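Notes for the structure review
Below are the chains, spelled out letter by letter.
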Amino acid sequence: MRILLTNDDGINAPGLVALEAIARSLSDDVWIVAPETDQSGLAHSLTLSEPLRLRELGEKRFALRGTPTDCVIMAIRKVLDRKPDLVLSGVNAGANLADDVTYSGTVAGAIEGTVHGVRSFALSQAYSYEAGAPIPWHVAETLAPDLLRKLMKVDLPPGTFLNLNFPHCEPEEADGVEVTAQGKLEFGLSVEERHDGRGLPYFWLRFGDRKGNYRAGTDIHALRAKKVSVTPLKLDMTDYAVQDAIAQAVGQEDLG
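In this report, the structure presented in the accompanying data block is examined. For clarity, every value in this text was computed on a predicted model and none was experimentally measured.

**Topic: the overall build of the chain**
Along the backbone of the chain there are six helices and 13 strands. The C-alpha radius of gyration of the chain comes to 19 Å, within 12% of the 18 Å expected for a compact globule of 256 residues. Structurally, the chain occupies a C-alpha span of about 60 × 55 × 45 Å along its principal axes. Looking at the chain as a whole, 45% of its 256 residues are labelled buried.

So this is what it looks like as structure tokens:
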């Protein structure tokens, strides 16, 4: 099995080290094409106005000056001589839950793999956001291999990928795996104004306390209950439930 690894935290991120350990427990044919620098929060973006510069760092290991989406495209279209059998994106520093998946470059890596018809999973590790708190990479490293072996056997429909989040607890404290839906979080960013050395203003986006709907069955609830969350996501964002109402509003016949 050929596995392609990417991430959004960059080629030197410790989460990529963890992901490589996970991947090598599944296969000897592991390729890495990851961003040269941190690309967190860039979602499913492409680099169209600047050149993509690729550096070979070792056998089957490449750094690209671009986004996670660029990395998967470059890997499949240029670096590899055939498509991978699996794309793994991560392991992200911090959970990717609820509405935040729309910002996530980690999730975007899995999206792009899915666009190319490759089975794709995004992996993220929850941790405490207190200053200096360590990220428990060993949780994902311990729990992911067996879970991935099981998920590889699932016949996913075209356009569907999986978003995996690992809880902030010791591996032996994890209370199993739950298949979840996306939860809902309030918008968590604020705009902080600062001033540079000449007194000119600049601005910084920063996260604050997050509130949300922690109802059972959601990814947020699962992680709070120390469970591994597996959320199936899909490329088709059509809201079929409201198609008929919109069709009637514009004078189109019922779509049913």
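This is not the end of the story, as more comes after the structure.
**Re the packing of helix α1 (residues 14-24) against helix α4 (residues 137-151)**
Where α1 contacts α4, the two axes come as close as 9 Å, and the packing angle between them is 30°. As the angle between them shows, α1 and α4 are arranged roughly parallel. Between α1 and α4 lies a crossing of right-handed hand. Along its contact with α1, which presents Pro14, Gly15, Ala18, Ala21 and Ile22, the element α4 presents Trp137, Ala140, Glu141, Ala144, Pro145 and Leu148. Along the lines of polarity and charge, the residues of the contact of α1 with α4 split into nine nonpolar, one polar and one charged.

**Some points on the layout of surface pockets**
Taken as a whole, the second largest pocket spans an internal volume of roughly 390 Å³. What lines the second largest pocket is a set of 15 residues, and nearest its centre among them are Val101, Thr102, Ile111, Lys234 and Met237. When residues of the lining of the second largest pocket are traced back to their parent elements, those giving at least two are α3 (105-115) and β13 (228-234). Take the lining of the second largest pocket: its biggest share by element is three residues, from α3. Across the lining of the second largest pocket, the residue classes tally to nine nonpolar, four polar and two charged.

**Here we look at the pairing of strand β3 (residues 54-58)**
When a strand is regular, its side chains alternate between the sheet's two faces. Here β3 pairs with strand β4 (residues 61-64) via four bridges, running antiparallel. Bridged to Gly58 within β4 is Arg61. Adjacent in sequence and paired antiparallel, β3 and β4 are bridged by two residues, among which Lys60 carries a positive phi angle near 60°.

**Some words on the pattern of salt bridges**
Using the criterion set out here, one finds 12 salt bridges in the structure. Arg24 serves as the salt-bridge partner of Glu20, at 3.0 Å between the closest nitrogen and oxygen. Taken together, the residues span about one helical turn, with Glu20 and Arg24 both in helix α1 at a distance of four residues. Note that Lys227 and Glu178 form a salt bridge whose closest N and O atoms lie 3.7 Å from each other. Of this pair, Lys227 sits in the loop between α5 (219-224) and β13 while Glu178 sits in strand β8 (residues 177-179), placing them 49 residues apart in sequence. The class for Lys227 is partly exposed, based on a relative accessible area of 23%. Note on Glu178: relative accessible area 17%, which makes it buried. Members of the salt-bridge network, linked through shared partners, are Arg2, Asp29, Lys60 and Asp81.

Rules used in this analysis
Residues numbered from 1 in each chain as written. Predicted model: local features only at pLDDT ≥ 70, side-chain atom pairs only at ≥ 80, totals over all residues. Heavy atoms only, no water. Helix = DSSP H or I, 4+ residues; strand = E, 2+ residues; numbered from the N terminus. Rg over C-alpha atoms; globule rule 2.2 N^0.38 Å. Buried < 20%, exposed > 50% of the residue type's maximum accessible area, 1.4 Å probe, protein only. Axes fitted to C-alpha atoms, helices over the stretch in contact; angles between N-to-C directions. Parallel < 35°, antiparallel > 145°, perpendicular 65-115°, else oblique. Left-handed = near helix turned anticlockwise from the far one by under 90°. Contact = heavy atoms within 4.5 Å. Nonpolar A, V, L, I, M, F, W, Y, C, P; charged D, E, K, R; others polar. 1 Å grid on protein atoms, 1.4 Å probe; cavity = no way out; pocket = protein on both sides within 12 Å on 5 of 7 lines; lining within 4 Å. Points joined across faces, edges and corners; volume = space filled by probe spheres on them. Pairing = 2+ DSSP bridges. Salt bridge = Lys/Arg side-chain N within 4 Å of Asp/Glu carboxyl O.

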